[in-house]
Every structure is written in structure tokens, then in C-alpha cells.
Amino acid sequence: MKEAERRYGLIREAAEREGVEAVIAAGSEYTGFEGAVRYLSGFDIVHRYAHVLLPVEGEPSVVFPAEARYVGEHESAWIEEQVFADTPGEWLRQRATERGWKRIGVYGSTT
């Protein structure tokens with residue numbers, strides 16, 4: 001999707017300027033702070049929370065809490081890798097470790 005690539009490009013440029021290797025956008029329906037997740041994935045949170053992981057290089061992932069299999073219409077997300085993690089923060093940490101990332105930018109809130 002051309003618009004998604006434009007958005008990713010802008011964020012990746014900013015991430016590189018700031019010296020981070022990936023950006024995590026955190027969103028929560030509870031706080032009304034779900035816009036960043038929708039902006040980056042097309043996914044509209046209707047219950048609980050979600051995260052989008054956008055690396056400077058590579059494909060993005062959208063991460064949902066495993067205990068809430070329904071947090072919205074998952075097929076609305078244009079991101080291919082959709083992860084249901086028991087502990088989303090742990091999954092994100094493991095991915096960062098696997099990729100050797102040292103600095104990650106975080107935007108948003110899930111509390």
C-alpha cells in the first residue's frame with residue numbers, strides 16, 4: 001500500500017536521525033490512544049491494546065495480547081506478521097535481542 005510505505009518512510013527517516021533501529025507504537029482502547037496503531041497498521045483497536053513494531057530495515061509486525069484473541073477485526077491490518085503473544089513486551093524484547101537492536105524508540109501508551 002503506497003500510503004503505508006509513505007508513512008513508514010517518514011518514521012524510518014526520523015528514527016535514523018535519532019539513532020534508533022526500530023520504533024514501537026503502543027496503543028490502547030482504554031486510554032483513547034489507539035491512533036498510532038491504526039496509522040501504522042490499518043488496525044482499529046476496539047478492545048484492549050496492541051503494538052506495532054516498525055524496524056528501520058525490514059518488515060513491520062503488529063503484536064496483540066494472547067489473552068484477548070478479539071481486540072478488533074484483525075484482517076483490517078495490512079501488516080502481514082500478526083503476533084498473539086502471551087506477554088507482548090517480552091515478545092518485543094526478544095525480537096529486539098534477535099535482531100541485535102540497541103536503541104528502540106517508543107511512541108504511545110497502553111496504560
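Not measured: the values here are computed from a predicted model.

## A closer look at helix H3 (residues 88–99)
Here H3 contains 12 residues, and its C-alpha end-to-end distance of 17 Å stays within 8% of the 16 Å for a straight helix at 1.5 Å per residue. Buried within H3 we find Pro88, Trp91, Leu92, Arg95 and Ala96. One face of H3 carries all of its buried residues, which in axial projection span an arc of 135°. Along H3, the residues that are exposed and aim more than 90 degrees away from the buried face are Thr97 and Glu98. Next to the buried residues of H3 lie strand E1 (22–28), strand E2 (49–55), strand E3 (61–65), strand E4 (81–85) and strand E5 (104–108).

## Observations concerning the pattern of salt bridges
What the rule picks out here adds up to 5 salt bridges. A salt bridge links glutamate 3 to arginine 6; its shortest N-O distance comes to 2.6 Å. Here glutamate 3 and its partner arginine 6 are both found in helix H1 (residues 2–18), 3 residues apart, which amounts to about one turn of the helix. Classification of glutamate 3 by relative accessible area gives partly exposed; the value is 27%. A salt bridge links glutamate 90 to arginine 93; the shortest N-O distance between them is 2.6 Å. Taken together, the residues span about one helical turn, with glutamate 90 and arginine 93 both in helix H3 at a distance of 3 residues. Here glutamate 90 falls in the partly exposed class, since its relative accessible area comes to 32%. Salt bridges sharing common partners tie together Glu3, Arg6 and Arg7.

Criteria and cut-off values
Residues numbered from 1 in each chain as written. Predicted model: local features only at pLDDT ≥ 70, side-chain atom pairs only at ≥ 80, totals over all residues. Heavy atoms only, no water. Helix = DSSP H or I, 4+ residues; strand = E, 2+ residues; numbered from the N terminus. Expected span 1.5 Å × (residues − 1). Buried < 20%, exposed > 50% of the residue type's maximum accessible area, 1.4 Å probe, protein only. Arc of directions from axis to C-beta. Contact = heavy atoms within 4.5 Å. Salt bridge = Lys/Arg side-chain N within 4 Å of Asp/Glu carboxyl O.

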